[in-house]
Amino acid sequence: MKPSTTLPPNALPPTAEPLARRLLRTLYINLGIDVMCAVIVTYVMRLSDQFLPNLVFSLCIGLTAMVLIEAGRSLVWRNATPPKVHFLAYILVAAGIAQFIGIRLADLLLGLPTDNFSSMYMNVSGLGLIILTVSVCVGATLFFWNLSTLAELRNQAATERARAAAVEKQALQAQLQMLQAQIEPHMLFNTLATLQSLIALDAPRAQQMLDQLIQFLRASLSSSRIEQTTLAQEFSLMEAYLELMSLRMGSRLSFELQLPAALRDTVIAPMLLQPLVENAIKHGLEPKIEGGRIEVSASRQGQLLLLDVSDTGLGLAAEPQQTPASHGSHIGLSNIHERLQALYGAQASLSVKPNMPHGVIAQLQLPVLS
């Protein structure tokens with residue numbers, strides 16, 4: 001027959017829980033406790049065998065206690081955390097006042113004279129009712145106090161997780177920019193060295209290579225500074241790069257790009273293909289007297305995007321100790337391994353295998369991004 005009075009979560013430092021939701025939750029639990037108290041009064045204390053009147057009395061006392069405690073906490077302590085001893089003392093006072101007001105209110109609702117049913121309550125089991133009311137008030141308030149504390153701790157933990165995620169994202173972006181910045185000079189140094197030698201030997205060809213280099217740099221400027229690109233843009237960049245390399249190697253280099261129309265708008269991280277193509281030229285085709293051919297292709301298997309860079313160069317046998325891991329010791333492949341781990345985790349992989357009868361096939365497996 002005692003209402004549950006609760007310490008609302010606002011008794012602690014403000015949390016992220018909306019006020020309306022907190023009050024509604026408090027009301028629901030309060031009503032449940034009031035029903036439980038009516039059952040105790042009817043079937044345990046046996047003050048009266050009439051459950052419905054007992055329920056009305058319990059609800060009136062319980063809701064009155066909830067309003068008194070909620071209003072008193074808001075007026076006296078506002079959003080601050082009240083001292084526990086002071087707050088418990090206030091609950092004792094509020095419980096007594098709630099019992100007096102609640103019984104009078106129940107009399108009015110049931111149409112009972114104050115010297116009839118309610119006076120029997122006070123005379124027969126007044127002490128028991130007071131003990132029940134105070135016990136439930138204190139117990140419910142402490143329960144909600146602890147519940148609010150846990151909610152605040154969860155809120156603080158969520159804030160810390162969000163802050164840590166933001167810092168991690170910034171660190172990841174900085175790492176990816178650093179890795180991308182390491183890829184570009186690798187290609188530029190090789191091209192500029194060739195251009196320097198051609199200036200004295202073949203000026204027209206040097207001019208043509210310089211023009212192609214400018215075209216390539218224009219194509220790569222935007223893609224090297226963004227987080228995502230499309231396969232169409234990446235293949236366009238590879239075409240400009242391979243055209244530049246074909247000027248340097250002449251007839252020793254031929255290439256083919258195979259991009260299905262359905263995959264042109266597929267989103268990937270930028271600058272993943274270039275290091276594979278660059279390594280195929282540097283470690284496979286350039287050292288080979290007759291040169292060779294490079295093929296770059298894209299395909300899809302379920303939710304995986306497959307990007308293959310195959311060459312007909314010297315192959316893995318040219319470096320007996322070379323494995324997929326050691327192959328990545330070249331700066332380009334090493335960066336790809338790191339970027340794949342940072343961007344996709346275990347969902348992406350880079351594999352290197354022999355291309356029979358000669359050369360190497362490097363394959364990227366990436367999750368398909370919408």
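Scroll up to find the structure.
Nothing here was measured: the structure is a model prediction, and the numbers come from that model.

A. Structural detail: helix 3 (residues 84–110). Spanning 27 residues, helix 3 covers 37 Å between terminal C-alpha atoms, matching the ideal 39 Å at 1.5 Å per step. Downstream of helix 3 by one or two residues, G111 has phi in the positive range, about 70 degrees.

B. Inspection of the sheet that holds strand 4 (residues 292–301) at higher detail. Strands sit in the order 2-4-5-7-6 across an open sheet of five strands; the sheet is mixed. Taken across any chain shown, the strands that pair with only one partner, and hence form the sheet edges, are strand 2 (253–258) and strand 6 (349–354). Averaged over all pairs of adjacent strands, the angle between strand axes in this sheet comes to 15 degrees, irrespective of strand direction. Alignment of strand 6 against strand 7 (residues 360–367), held across six bridges, turns out to be antiparallel. From the neighbouring strand, S349 faces strand 7, where its bridge partner is Q365. Relative to strand 2, helix 6 (residues 231–249) is tilted by about 170 degrees, and along the sheet it contacts strand 2, strand 4 and strand 5 (304–311). Against the sheet, helix 7 (residues 273–285) engages strand 2, strand 4, strand 5, strand 6 and strand 7, with an angle of about 150 degrees to strand 4.

C. Molecular detail of the side chain of T266. On the secondary structure map, T266 appears in the loop between strand 2 and strand 3 (267–268). The class for T266 is buried, based on a relative accessible area of 10%. A distance of 3.1 Å separates the side chain of T266 from the backbone oxygen of L263, its partner in a polar contact.

D. Quick look at unusual backbone geometry. Following M356, the chain continues into P357 via a peptide bond in cis, with omega recorded as 5 degrees. The residue P357 is located in the loop between strand 6 and strand 7 in this model.

E. Layout of helix 6. With 19 residues, helix 6 ought to run about 27 Å at 1.5 Å a step, and its terminal C-alpha atoms sit 26 Å apart, in line with that. Among the 19 residues that make up helix 6, 15 are buried, leaving the element largely enclosed by the rest of the structure.

F. Seen up close, the packing of helix 6 against helix 7. Taken N-terminus to C-terminus, the directions of helix 6 and helix 7 make an angle of 20 degrees; their axes are 10 Å apart at the nearest point. Taken together, the axes of helix 6 and helix 7 are roughly parallel relative to one another. Relative to helix 7, the crossing made by helix 6 is right-handed. Contacts from E234, F235, L237, M238, Y241, L242, M245, R248 and M249 of helix 6 reach helix 7 at L273, Q274, V277, E278, I281 and L285. Looking at side-chain class alone, the contact of helix 6 with helix 7 contains 11 nonpolar, one polar and three charged residues.

G. The arrangement of the packing of helix 2 (residues 51–76) against helix 3 in detail. Remark: helix 2 packs on helix 3, axes separated minimally by 7 Å, with the N-to-C direction vectors making an angle of 140 degrees. Taken together, the axes of helix 2 and helix 3 are oblique relative to one another. Considering the relative orientation of helix 2 and helix 3, their crossing is right-handed. Classifying every residue of the contact of helix 2 with helix 3 gives 20 nonpolar, four polar and two charged.

The rules behind these values
- Within each chain, residues carry numbers counting from 1 in the order of the written sequence.
- In view of the model being predicted, local features appear only for residues whose pLDDT reaches at least 70, and side-chain atom pairs are presented and counted only at 80 or more, with totals across whole chains, interfaces and linings using the full set of residues.
- Just so you know, side-chain values use all the structure's heavy atoms and leave hydrogens and water out.
- The numbering of helices and of strands both runs from the N terminus, where a helix is a DSSP run of H or I of at least 4 residues and a strand a run of E of at least 2.
- In a helix, the anticipated span is given by 1.5 Å times the number of residues less one.
- Note on pairing: two strands pair once DSSP finds at least 2 bridges between them.
- Structural elements are reduced to axes, namely lines fitted to C-alpha atoms, with helices fitted over the stretch in contact, and the angle between N-to-C directions of any two is expressed from 0 to 180 degrees.
- The contact criterion used is simple: two residues touch if any of their non-hydrogen atoms lie within 4.5 Å.
- Throughout this description, buried means an accessible area under 20% of the type-specific maximum (1.4 Å probe, protein chains only), exposed means over 50%, and partly exposed covers the range between.
- Whenever a nitrogen or oxygen atom comes within 3.5 Å of another N or O atom, the pair is scored as a polar contact, on the condition that within protein one atom can donate a hydrogen and the other can accept it, and that pairs from neighbouring residues in sequence are kept only if both atoms are in side chains.
- What sets the label is the angle itself: under 35 degrees gives roughly parallel, over 145 gives roughly antiparallel, 65 to 115 gives roughly perpendicular, and the rest give oblique.
- The crossing is said to be left-handed when, going from far helix to near helix, the turn is anticlockwise and less than a right angle, and right-handed when the turn is clockwise.
- Polar here means any residue outside two lists: the nonpolar Ala, Val, Leu, Ile, Met, Phe, Trp, Tyr, Cys and Pro, and the charged Asp, Glu, Lys and Arg; Gly therefore counts as polar.

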